[in-house]
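# Residue-level structural notes
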Amino acid sequence: MGFINRLLGRNQSKLPPFDFSRNRFPAKKQWPPNLRELTEKQQFYFERKFKRRTRLKSIKPTWNKWTKIVQWSMISFIVVHGVFFYDFAADPMNPTPGKQPFQGLRDKMWAILGNFYTQSSTTAGVPDRGARRLESMGNPRAGVEEFDDASPKAG
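The rules behind the values
- Residues numbered from 1 in each chain as written.
- Predicted model: local features only at pLDDT ≥ 70, side-chain atom pairs only at ≥ 80, totals over all residues.
- Heavy atoms only, no water.
- Helix = DSSP H or I, 4+ residues; strand = E, 2+ residues; numbered from the N terminus.
- Buried < 20%, exposed > 50% of the residue type's maximum accessible area, 1.4 Å probe, protein only.
- Areas by Shrake-Rupley, 256 points an atom, 1.4 Å probe, with all protein chains shown as cover.
- 1 Å grid on protein atoms, 1.4 Å probe; cavity = no way out; pocket = protein on both sides within 12 Å on 5 of 7 lines; lining within 4 Å.
- Points joined across faces, edges and corners; volume = space filled by probe spheres on them.
- Nonpolar A, V, L, I, M, F, W, Y, C, P; charged D, E, K, R; others polar.
- Patch = residues over 30% accessible without salt bridge, like charges linked within 9 Å, V, L, I, M, F, W, Y side chains within 5 Å.
- Salt bridge = Lys/Arg side-chain N within 4 Å of Asp/Glu carboxyl O.
- Lys, Arg positive; Asp, Glu negative; His and termini not counted.
- Charge placed at Lys NZ, Arg CZ, Asp CG, Glu CD.
- Axes fitted to C-alpha atoms, helices over the stretch in contact; angles between N-to-C directions.
- Parallel < 35°, antiparallel > 145°, perpendicular 65-115°, else oblique.
- Contact = heavy atoms within 4.5 Å.
- Phe/Tyr/Trp six-rings, centres within 6.5 Å; stacked < 30°, edge-to-face > 60°.
- pLDDT = per-residue confidence, 0-100.

What follows deals with the overall build of the protein chain. The helix and strand tally for the protein chain stands at six helices and zero strands. Each helix and strand of the protein chain, placed in order from N terminus to C terminus, yields the pattern α-α-α-α-α-α. For the protein chain, buried positions account for 7% of its 155 residues. Surface accessibility of the protein chain: about 15700 Å² in total, with carbon and sulfur atoms responsible for 61%.

Printed below as a string of structure tokens:
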């Protein structure tokens, strides 16, 4: 264990190893109990009590919450992708080759969205990429010259 601690950059423990024979706080009951020595009623009580304790210890609300969020997000993404974007016509495992099973839904979606994801020069009012500006932007140092004159010259 010391080698792993050195690899991870942890310091060696300065405490001596625990000595169970010199324990100031001895346990009241032997753990784990010998189940053969217990009656059936005591065994049942023991199992019920410790199953309940382990169940309570294993509940982690934030982990459960984020696990649910991730699971439902993944399920939603896969369903939306499968219904609206996946190309079933080209899928070799499709039982009806060449057919899109959700074509009606796809057509409705693209009719609603229309040209939301496309850009045309008439709607956007933006010149084509790489086109020259029609008007000058002016001097990039406009308004800076007067401050340069006021500052002391070095040299």
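A volume near 250 Å³ is recorded for the largest pocket. The wall of the largest pocket is formed by Lys 29, Gln 30, Trp 31, Pro 33, Leu 38, Gln 42, Tyr 45, Phe 46, Lys 49 and Phe 50. Grouping the amino acids of the lining of the largest pocket by side-chain chemistry returns six nonpolar, two polar and two charged.

Together, Lys 29, Arg 48, Lys 51, Arg 52, Arg 53 and Arg 55 line one region of the surface with positive charge. Tracing the backbone through its elements, the reader meets Lys 51 in helix H2 (residues 40–58). Its relative accessible area of 53% is what places Lys 51 among the exposed residues.

This part covers the packing of helix H3 (residues 61–85) against helix H4 (residues 103–113). Each pair of packed helices can be summarised by the angle the axes make with each other and by the distance between the axes. With their axes 8 Å apart at the nearest point, H3 and H4 run at an angle of 90 degrees to one another. For the element pair H3 / H4, the angle class is roughly perpendicular. Each of Gly 82, Val 83, Phe 84 and Phe 85 in H3 lies in contact with H4, whose residues at this interface are Leu 105, Arg 106, Met 109 and Trp 110. Grouping the constituent residues of the contact of H3 with H4 by class yields six nonpolar, one polar and one charged.

Time to look at the packing of aromatic side chains. With the rule as written, the count across this model stands at five aromatic pairs. Measuring from ring centre to ring centre gives 6.2 Å for Phe 85 and Trp 110, while their planes differ by 75 degrees; the resulting arrangement is edge-to-face. A residue pair is termed long-range when its members are at least 10 positions apart, and Phe 85 in helix H3 and Trp 110 in helix H4 qualify at 25 residues. For Phe 85, a relative accessible area of 45% gives the class partly exposed. What makes Trp 110 partly exposed here is its relative accessible area of 38%. The rings of Tyr 86, Phe 88 and Phe 102 are connected pair by pair, giving a single aromatic cluster.

A separate point is a nonpolar patch on the surface. Taken together, Val 80, Phe 85, Trp 110, Ile 112, Leu 113 and Phe 116 make up a surface patch of nonpolar side chains, about 640 Å² in accessible area. Within the residue set of the nonpolar patch, elements represented by two or more residues are H3 and H4. With three residues, the single largest contributor to the nonpolar patch is H4. With respect to the secondary-structure elements, Ile 112 resides in helix H4.

Scored by pLDDT, the protein chain has a mean of 80; 74% of the residues are at 70 or more. Of all the helices and strands in the protein chain, helix H5 (residues 121–124) carries the lowest mean pLDDT, 55, while H3 carries the highest, 94.

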